[in-house]
Amino acid sequence: MPIWLIAIFILSGFSGLIYVGNHSGWFDAQVYEPFVDSQHLEAWARPPGPGEELKRGKATFGTLCSTCHGDTGTGSATTGCPPLDGSEWVMAAGPNRIIRILQNGLAGPIEVKGGKYGGGAVAMTAVGAALSDQQISDVLTYVRNAWSNKGKGAAPVTIEQVKAVREKIKDKSGYFTPDELLKLPEKD
Amino acid sequence: MNQGPLVFVGTFFALAATWFTFVLEPSQQIGNQSQFLIEDSGQLFPVKPAGLAHQGEAVYRANGCFYCHTMQVRPQGLGGDVARGWGARSGPVQSVSRDYLFAETTMLGSQRVGPDLTNIGLRQTNLVWHLQHLYDPSSLAPGSTMPPYRFLFTKHTLKPGQKRSPDALPEDPKAPGVEVLPSDDAKALVAYLTGLHSDGVLYEAPAFYVKPVAKADKKAAVPVTPAPAPAK
Amino acid sequence: MSSPSCQLDASCADASAPITCAEIDASSRPLLLLVVSAALWLVVGSILGLISSLTFHAPKMFADCAAMSFGRSHPAANNAFLYGFAVPAGLAVLLWLAGRIGRTKLIGAPLVVLGWLLWNIGVTVGVLGILQGENTGHEWLEFSRSASGFLLIGYVAVALAGVLTFRARKEGKLELSQWFILAALFWFPWIYSTSHLLLLIWPVRGVLQSVITWWYVNNLANVWMVLVGLAAAFYFVPKFAKAPLHSRPMGLFSFWSVILFGSWAGIPAGAPVPAWIPAVSTLGAFLSIAGILATWLNLSKTLCLADRHAQRSLSETFIPFGVKVFPVAALLGVLAQPAGVSGLLNFTWFLPAQQQLLVYGFYGLVLMGALHFMVSRLAPVADPKPMFAFLHFIGCAGGVVIFFLALACGGVAQGGVMNDSTVPFLNVVKGTLMWIRLSSLGELLMILGNLLFLLNVVLAVVRFLKVSMESFMAENAKPAGVRA
């Protein structure tokens, strides 16, 4: 057995142990990558500072909304998916209508920024049904404060507003239609 | 000296060591997991799939969908899974073992010839889209390399005056008067796909912030057996 | 005794040995059953593999034919290779080596025949089942419950004959190869029965199934196959070099490294299991590096003593090639393990490429070399023509190298663009097509090699049967004539 082989064995074992130290979560069944240990996990679960809701909203937007509405909220005339950037629906005084759209989906023709969208076979699905109140408030706050919507003074959507609207429409099944929504006040 | 017993005992201990590390210990840790009660919404996660979706899992298995599609999203910082929008959790942890609690067979997959399907039930909820895509993938995704699963459908020519079945796929303008009907297997497979979602906010997979529920499974969770009606 | 390979038996025909090589080989003839069926399944598997890869070139080809669709022909091909070829061929070599090194005749020939029969029933049922849609959903363990039951009983029967033969050895002190043989005989039934029980009989829930599948796959590829391949290598390489092995202690180090750490690597970082499981897997991968280097050093130092210019038999080309492939394949497996690299390579074509290099490039080629040697002793026939040998080697070795290089390069490129979310996923897939086409060329070459392997084995056995039938008839005819 050459000495260098033994050295490699010891060295590789040592670096393997360092790797385990950094990646094993100390054998805690609840710790998954990328958390380092259970304290890291707990720290993550603490309430964050201001501005974090935009980060969270952006993440949710990226997974659920951008497929149709585009990464910058431009929508697409070909698929009939309306823009969010500069949309009067999004930038309304209150989130009364958009919470409903997220919760139950939207079907039927809709006019946004003077253009006609939707109305075909494809409707907006009820993406919000699977989200928590927190996630809905985050993603709506983000959409109201992203791209050219930024700096227009749109008020954040609070968890309480989401809770209240969800409570009101809990018996409603199926899509909302634009006409139905236009009858509602923008803000309670 | 007879070395036979030495080799035998050595082999036995080496095998016992890997068995202990990779079979026994993981079973102890994640073998008894149960549903998690999400404080925010009062819902349990994960939910047991409906009967049809469960049948669809068998179709997914029999046709080897998992050789080209993974069903695991890697966490933030490892590969581009999160950036591609395959994850549905807003926190850094994506797929965790609890997500697979109700899978009869866990088919994580090892190849991404096609996109990840962990959250396909959130990304594409349109059943007709899924059926059409199974029948002819390139009609909806031009250039797709996915093979068509025409053997999951039957094709009829409509007699004059005969009405199309409500189940039939949308008419192909190139072949008018032809009706394509999905088999039960195709419908079950689509029910399975549209039911896939790993988005519950869990203790081990927190959203950006949620107050932690009690740490151990024992306190917070409800036993698995009485599964509630599926949420979707 | 003029051909070079015949002189290789000289060490066996020790003057003091009470038993000759010819007697051992004659008693080992039932093993030819295993060899012929293995060669057949190898060809069946590679043809199924070709069918499955046709889907990449023409996706619509099998749209109306469920049995030939990728999701069925691909696992059928893989299982035909693993359980049709790899395991029974390995068993045949193990049993023959146990007799040859232990200087004893094969004991328990009826067990071998029984086990062979059960095993092949199992493989047939399993492969046909997969084509009909009976897939368990666990990679490398796709055979249905009944099929894998046959396999398990069949294996135990054959391995029992192996253990009996091993126990009948003349010396207590073990040759290096014998360490590997004994460990391999016991390793497979344990891992197969454990995963069979926990996945099919009393299935565990959720992601635990995947953990057990990983454990099984890593044990089969990185431990069992390596044990069998190195058992053959440590026996044949000194024979070819006509010199003792470079270092026995280093060989023992390889042994302990394989059985202690071989099965750990392979669970990728970021898998949906608690973080420690992939982390410990990485530790195991790191620890196996020294063992791989020791194996490489030991075998290559011995090999360099071999006469480079002598005329070489088929086994003298196949086994050294496989031995050179081993450290490359094994080290690439280690390299792909830590989180940084795994983030790039996981889910790409790199891992199938590395796996093919290990199970075909190393294990398959070493085994084919050993089987050629074995067949030429068990059913003595003339050496094949040089052209045949050349095509056979180019098919198998060239094929696997092209296949590996194409998919490994393609996999690295694929990993890079897959992690770049600005590239649409469809473009990522299309980017791999060119590499897949190139790998199909390698696949075609491997089919050629496998076909020639089958041809050589079948021709040898048929010729041998014909000759022995004639001599049998001649012997029986004489007394009859005398009586008349």
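The rules we used
The numbers attached to residues start from 1 for each chain and follow its sequence in the written order. Throughout, the order in which chains and ligands are written sets their labels, letters from A for the former and numbers from 1 for the latter. At least 70 in pLDDT is required for a residue's local features to be given in this predicted model, at least 80 for side-chain atom pairs to be given and counted, and no such filter applies to totals for whole chains, interfaces and linings, which use all residues. In this description a helix means any DSSP run of H or I spanning at least four residues, a strand means any run of E spanning at least two, and both kinds are numbered starting from the N terminus. With C-beta atoms placed from the backbone, the exposure class of a residue follows from how many other C-beta atoms lie within 10 Å of its own: 20 or more, buried; 12 or fewer, exposed; in between, partly exposed. Note that contacts rest on C-beta atoms placed from the backbone: two residues are in contact if these are within 7 Å. Note on residue classes: Ala, Val, Leu, Ile, Met, Phe, Trp, Tyr, Cys and Pro are nonpolar, Asp, Glu, Lys and Arg are charged, and everything else, Gly too, is polar. Buried Ala, Val, Leu, Ile, Met, Phe, Trp, Tyr and Cys residues whose C-beta atoms connect them within 7 Å together make up a nonpolar core. Lines fitted to C-alpha atoms define the axes here, with helix axes fitted over just the stretch in contact, and angles between the N-to-C directions of these axes take values from 0 to 180 degrees. Each angle is binned into one of four classes, with values under 35 degrees roughly parallel, values over 145 roughly antiparallel, values of 65 to 115 roughly perpendicular, and all other values oblique. Should the near helix be turned anticlockwise from the far one by less than a right angle, the crossing is left-handed, and should it be turned clockwise, the crossing is right-handed. One confidence number per residue, pLDDT, is output by the predictor and ranges from 0 to 100.

Here the focus is the overall build of chain B. From N to C terminus, chain B includes seven helices and four strands. For chain B, with 232 residues in total, the buried portion stands at 51%. The long-range share in chain B, meaning contacts at least 24 apart out of those at least 6 apart in sequence, stands at 73%.

Moving on: the interface of chain C and chain A. Every contact between the two is made by 20 residues of chain C and, on the other side, 20 residues of chain A. Where the side of chain C that touches chain A is concerned, the elements lending two or more residues are α9 (248-261) and α10 (276-303) of chain C. Sort the elements by how many residues they give to the side of chain C that touches chain A and α10(C) lands first, with 11 residues.

Often, the extent of an interface is quoted as the loss of accessible area on bringing the components together. Counting residues at the interface gives 64 residues for chain C and 61 residues for chain B. Among the elements of the structure, α3 (31-57), α4 (70-102), α7 (176-201), α8 (208-241), α9, α10, α12 (339-345) and α15 (425-483) of chain C are those that each provide at least two residues to the side of chain C that touches chain B. Considering every element that reaches the side of chain C that touches chain B, the biggest residue donor is α7(C), with seven residues. Taken together, the residues that form the side of chain C that touches chain B break down as 38 nonpolar, 18 polar and eight charged.

Once that is clear, we can look at the nonpolar core. Membership of the largest hydrophobic core comes to 198 residues, with the highest contact counts inside it found for Val35(C), Val93(C), Ala184(C), Leu227(C), Ala231(C) and Ala232(C). No other element matches α8(C), which puts 24 residues into this core. Listed in part, the 33 residues of the second largest apolar core include Leu117(B), Leu131(B), Leu134(B) and Leu152(B).

Residues and elements named next belong to chain C. Between α4 and helix α13 (residues 350-378), whose axes approach to 10 Å, the crossing angle comes to 45°. It follows that α4 is oblique to α13 by the angle criterion. Crossing geometry of α4 relative to α13 is assigned as left-handed. Residues Ala86, Ala89, Gly90, Val93 and Trp96 of α4 pack against Val359, Tyr363, Leu367, Ala370, Leu371 and Met374 of α13. Here the residues of the contact of α4 with α13 sort into 10 nonpolar, one polar and no charged.

Turning our eyes to something else, we now look at unusual backbone geometry. Here the residue pair Glu33(A) and Pro34(A) is connected by a cis peptide bond, since its omega of 0° sits within 30 degrees of zero. Within the secondary structure, Pro34(A) sits in the loop between α1 (3-23) and α2 (38-44). For the peptide bond that leads from Phe45(B) to Pro46(B), omega is -5°, which places it in the cis range. Of note, Pro46(B) is situated in the loop between β2 (44-45) and α2 (51-62). At Lys113(A), a residue that is not glycine, the phi angle is positive and equals roughly 50°. In this fold, Lys113(A) is placed in the loop between β1 (110-112) and β2 (115-117). With a phi close to 55°, Lys242(C) is a non-glycine residue in the positive phi region. Positionally, Lys242(C) belongs in the loop between α8 and α9.

On to the packing of α8(C) against α13(C), then. The description of two packed helices rests on the angle between their axes and on the distance between the axes. Residues and elements named next belong to chain C. Here α8 crosses α13 at 35°, and the two axes come no closer than 10 Å. Read as a crossing pair, α8 and α13 show a hand that is left-handed. Between α8, through Ala221, Met225, Gly229, Ala232, Ala233 and Phe236, and α13, the contact on the second element is made entirely by Gln355, Leu358, Val359, Phe362, Tyr363, Val366, Leu367 and Ala370. Looking at the contact of α8 with α13 residue by residue, the class counts come to 12 nonpolar, two polar and no charged.

On to the environment of Arg123(B). Here Arg123(B) is to be found in helix α3 (residues 120-123). Along the chain, Arg123(B) and Pro75(B) lie 48 residues apart, while their C-alpha atoms are 18 Å from each other.

Our next topic: the confidence of the model for chain B. Mean pLDDT for chain B: 85, with 88% of residues reaching 70 or above. Throughout residues 210-232 of chain B the model reports pLDDT below 50, and contacts reaching past four residues in sequence, or to other chains, amount to 41 contacts.

In regions of low pLDDT, the predicted coordinates are not meant to be interpreted in detail. Residues and elements named next belong to chain C. Considering every residue of chain C, the mean pLDDT works out to 91; 94% of them sit at 70 or more. With pLDDT under 50 throughout, residues 1-15 is counted as low confidence; its partners more than four residues away or in other chains account for 15 contacts. In the model output, the complex is listed with pTM 0.82 alongside ipTM 0.91.

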